[in-house]
Amino acid sequence: MEPRQAALLAAFTRTRRQSLTLAEGLSAEDCMLQSMSDASPVKWHLAHVTWFFETFVLAQREPPPAPFNPAFKVLFNSYYVGVGERHPRPERGLLSRPSLDEVLAYRRAVDAQMAALLADTPLPHSLLDLIELGIHHEQQHQELILTDLKHHFWRNPLRPAYRPPEPLEPADPVPLRYQAFEGGLVEIGHDGKGFAFDNETPRHRVFLEPFELAYRPVSNRDYLDFIADGGYDRPELWLSDGWDTCQREGWFAPLYWQLTDADRWTVFTLHGQQPLRLNEPVCHVSYYEAEAYARWAGARLPTEQEWECAAQSWPAETAPASGRFADGGAYHPGPTTTGKPVHWLGDVWEWTQSAYLPYPGYRPVDGAVGEYNGKFMINQMVLRGGSCATPSDHIRASYRNFFPPSARWQFSGIRLAR
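Residues numbered from 1 in each chain as written. Predicted model: local features only at pLDDT ≥ 70, side-chain atom pairs only at ≥ 80, totals over all residues. Heavy atoms only, no water.

**Student:** Would you mind going over the overall build of the protein chain with me for this structure?
**Tutor:** What the protein chain contains, in helices and strands, is 9 helices and 11 strands. Against the globule reference of 22 Å for 418 residues, the protein chain gives a C-alpha radius of gyration of 22 Å, in line with a compact fold. With the C-alpha coordinates of the protein chain rotated into their principal frame, the extents come out at 65 × 55 × 40 Å. Residues classed as buried in the protein chain amount to 55% of the 418 residues present. Taking contacts inside the protein chain between residues at least 6 apart in sequence as the whole, the part at least 24 apart equals 78%. Carbon and sulfur atoms form 54% of the exposed surface of the protein chain, whose accessible area is close to 18100 Å². Side-chain charges in the protein chain split into 39 positive and 51 negative, and the spacing between the mean points of these groups amounts to 1 Å. (Helix = DSSP H or I, 4+ residues; strand = E, 2+ residues; numbered from the N terminus. Rg over C-alpha atoms; globule rule 2.2 N^0.38 Å. Buried < 20%, exposed > 50% of the residue type's maximum accessible area, 1.4 Å probe, protein only. Contact = heavy atoms within 4.5 Å. Areas by Shrake-Rupley, 256 points an atom, 1.4 Å probe, with all protein chains shown as cover. Lys, Arg positive; Asp, Glu negative; His and termini not counted. Charge placed at Lys NZ, Arg CZ, Asp CG, Glu CD.)

Here it is as structure tokens:
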């Protein structure tokens, strides 16, 4: 078997197994929850990533195999208008049928066909590219399984834990320091080595003025000072749309924070309700909150070009320590314990001040799969670096995540620039 094809078969098998591992311990009822229109049930995620392989890969076989269930073409299509009709996103939680058992059977059937395809004669590079895209697509949905499930469980007054509580890690406060970068003419975008999504290309040059980036993300301790100083009550700190959203939604702290009767802050996590740990990166803040905090702190958010320039330029001996990823099973940001550059990758996605727009010369790929990224390049802001819910082999310096500026249910945090 051709080496790339063999590697993709191993990656496909590993990724598919990991999705089921994330679902272990969940009931059929857990897997059907949909707490808001932006989130999807675990069952839907498990089916949709399977639909991707069936629709875009297996359908290219000659002759194409019969669909597992023709109704799934509509039920588990997300946003691919070119494929056809789609079940409304806000109503995914109404899909009591098909059952979880039938969705798992769907996965087994498609897995068997995919394994046979990859073990067969050498496949064309175009099909291997689609399979690789499908693997990384499933990893994105593994992160969504965790972020969506956290929101589902948070809406339950019992505040159930997805996984057992983790032990508290005491840590001393770490002062905020900055690293200076010269800027100048730099190259941004994927360098062509390994996999990348189309929105990371083409690689191109940008000119940056000299800038500084903080060694660590903003901590819960830092953010409490913003709250104590009336940060949520001072319109001069906020963008107009952010202030309107803050007032309309009644924000007073990051999502999942709660003040007890004893005036102590707690936070809901995938490990249950926990005391707020002051040296952990602040998490689950919107772009609006991140921008307001930066303004209050006398700083700003980095551009995505500055962020990537910094990520590419750290010398090996001072490269930032990576943070927590989903692989470790601690689905919560870890504390800052050193004054060296940290949390560059993992722990929390970091908001940038950059709108999600195409790079110069960008062109989406042909066909329905070209809808993957390009059509969302409006009304979104870019985040960088991955989080504690991201698989470690899914992230890279050029990776561009994007969400609307009001989004808070992702593991999103703040790194300051100036």
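**Student:** Looking at this structure, I do not really get the environment of Arg97. What am I missing?
**Tutor:** If you trace the backbone, Arg97 turns up in the loop between helix H3 (72-75) and helix H4 (100-119). Separated by 65 residues in sequence, Arg97 and Met32 have C-alpha atoms that sit 9.8 Å apart.

**Student:** Where do I start with the layout of surface pockets in this structure?
**Tutor:** Using a probe with the size of a water molecule, rolled over the atoms, empty space left in the structure can be pinpointed. Estimated volume of the second largest pocket: approximately 380 Å³. Taken together, 19 residues make up the lining of the second largest pocket; nearest its centre are Asp129, Leu130, Leu133, Phe195 and Val365. Considering each element in turn, the lining of the second largest pocket owes the most residues, 5 residues, to helix H5 (residues 125-154). A per-class count over the lining of the second largest pocket returns 10 nonpolar, 4 polar and 5 charged. (1 Å grid on protein atoms, 1.4 Å probe; cavity = no way out; pocket = protein on both sides within 12 Å on 5 of 7 lines; lining within 4 Å. Points joined across faces, edges and corners; volume = space filled by probe spheres on them. Nonpolar A, V, L, I, M, F, W, Y, C, P; charged D, E, K, R; others polar.)

**Student:** Can you help me understand the side chain of Thr15 in this one?
**Tutor:** Relative to the elements of secondary structure, Thr15 occurs in helix H1 (residues 3-23). Leaving out residues up to four positions away in the same chain, Thr15 has contacts with Ile135, Glu138, Gln139 and Gln142.

**Student:** When you look at the sheet that holds strand S5 (residues 257-259) in this model, what are you seeing that I'm missing?
**Tutor:** Working definition: the strands of a sheet are paired by backbone hydrogen bonds and lie parallel or antiparallel to each other. Read from one edge of the open sheet, 3 strands run S5-S6-S7, paired in antiparallel fashion. Single-partner strands in this sheet number two, and they are S5 and strand S7 (272-275). Averaged over all neighbouring strand pairs, the angle between strand axes comes to 35°, with direction disregarded. As defined by bridge partners, S5 adjoins strand S6 (residues 265-269) across 3 bridges and the pair is classed as antiparallel. (Pairing = 2+ DSSP bridges. Axes fitted to C-alpha atoms, helices over the stretch in contact; angles between N-to-C directions.)

**Student:** Help me understand the pattern of salt bridges in this model?
**Tutor:** Pairs may arise between side chains of opposite charge once their charged atoms sit close together. Enumeration over the complete set of coordinates arrives at 23 salt bridges. Residue Asp222 pairs with Arg216 through a salt bridge whose shortest N-O separation is 2.8 Å. The pair formed by Asp222 and Arg216 is uniform in burial state, with each residue classed as buried. The salt bridge partner of Arg234 is Asp229, with a shortest N-O separation of 2.8 Å. (Salt bridge = Lys/Arg side-chain N within 4 Å of Asp/Glu carboxyl O.)

**Student:** Help me understand the sheet that holds strand S8 (residues 349-355) in this model?
**Tutor:** Pairing is mixed in the open sheet, where 4 strands are placed in the order S10-S9-S8-S11. Two strands lie at the open edges of the sheet, namely strand S10 (401-403) and strand S11 (412-413), each paired on one side alone. The pairing of strand S9 (residues 381-384) with S10 spans 3 bridges and is antiparallel. Each residue of the ladder has a partner; that of Met381, found in S10, is Phe403. Across the face of the sheet, helix H9 (residues 304-313) comes into contact with S8 and S9 while running at roughly 130° to S8.

**Student:** What should I look at first to understand H1 in this one?
**Tutor:** In an α-helix there are 3.6 residues to a turn, and that puts residues three or four apart on one side. Between its terminal C-alpha atoms H1 stretches 31 Å, which fits the 30 Å expected from 21 residues at 1.5 Å a residue. Contacts from the buried residues of H1 go to helix H2 (42-56), H4 and H5. In the stretch just after H1, Gly25 is the one whose phi turns positive, near 85°. (Expected span 1.5 Å × (residues − 1).)

**Student:** How should unusual backbone geometry be read in this particular structure?
**Tutor:** Residues apart from glycine generally show negative phi values, whereas peptide bonds are mostly found in trans. Note that the residue after Glu62, namely Pro63, is joined by a cis bond; omega there is -10°. Looking at the element boundaries, Pro63 is found in the loop between H2 and H3. The residue His284 is not glycine, and still its phi comes out positive at about 65°. Here His284 is to be found in the loop between S7 and helix H8 (287-296). Given a relative accessible area of 2%, His284 falls into the buried group.

**Student:** Explain the packing of aromatic side chains to me, please; I cannot follow it from the model alone.
**Tutor:** Given two aromatic rings, one states the distance between the centres and the angle between the planes to describe the pair. By the definition in use, this model includes 39 aromatic pairs. Where Tyr162 meets Tyr331, the ring centres are 5.8 Å apart and the plane angle is 50°; that geometry is what we call tilted. Placement of the pair is Tyr162 in the loop between H5 and strand S1 (178-181) and Tyr331 in the loop between H9 and S8, with a sequence separation of 169 residues. A centroid spacing of 5.7 Å and a plane angle of 70° characterise the contact between Phe226 and Trp296, whose relative ring orientation is edge-to-face. One end of the pair, Phe226, is in helix H6 (residues 220-228); the other, Trp296, is in helix H8, with 70 residues separating them in the sequence. Given a relative accessible area of 0%, Phe226 falls into the buried group. (Phe/Tyr/Trp six-rings, centres within 6.5 Å; stacked < 30°, edge-to-face > 60°.)

**Student:** Where do I start with the environment of Val285 in this structure?
**Tutor:** Along the chain, Val285 turns up in the loop between S7 and H8. Val285 sits in the buried class, given a relative accessible area of 0%. As for Val285 and Pro254, which are separated by 31 residues in sequence, their C-alpha atoms are 5.2 Å apart. Contact partners of Val285, with chain neighbours within four places excluded, come to Tyr223, Pro254, Trp351, Ala407, Arg408, Ser412, Gly413 and Ile414.

Function cannot be read off these values alone, since they describe shape.
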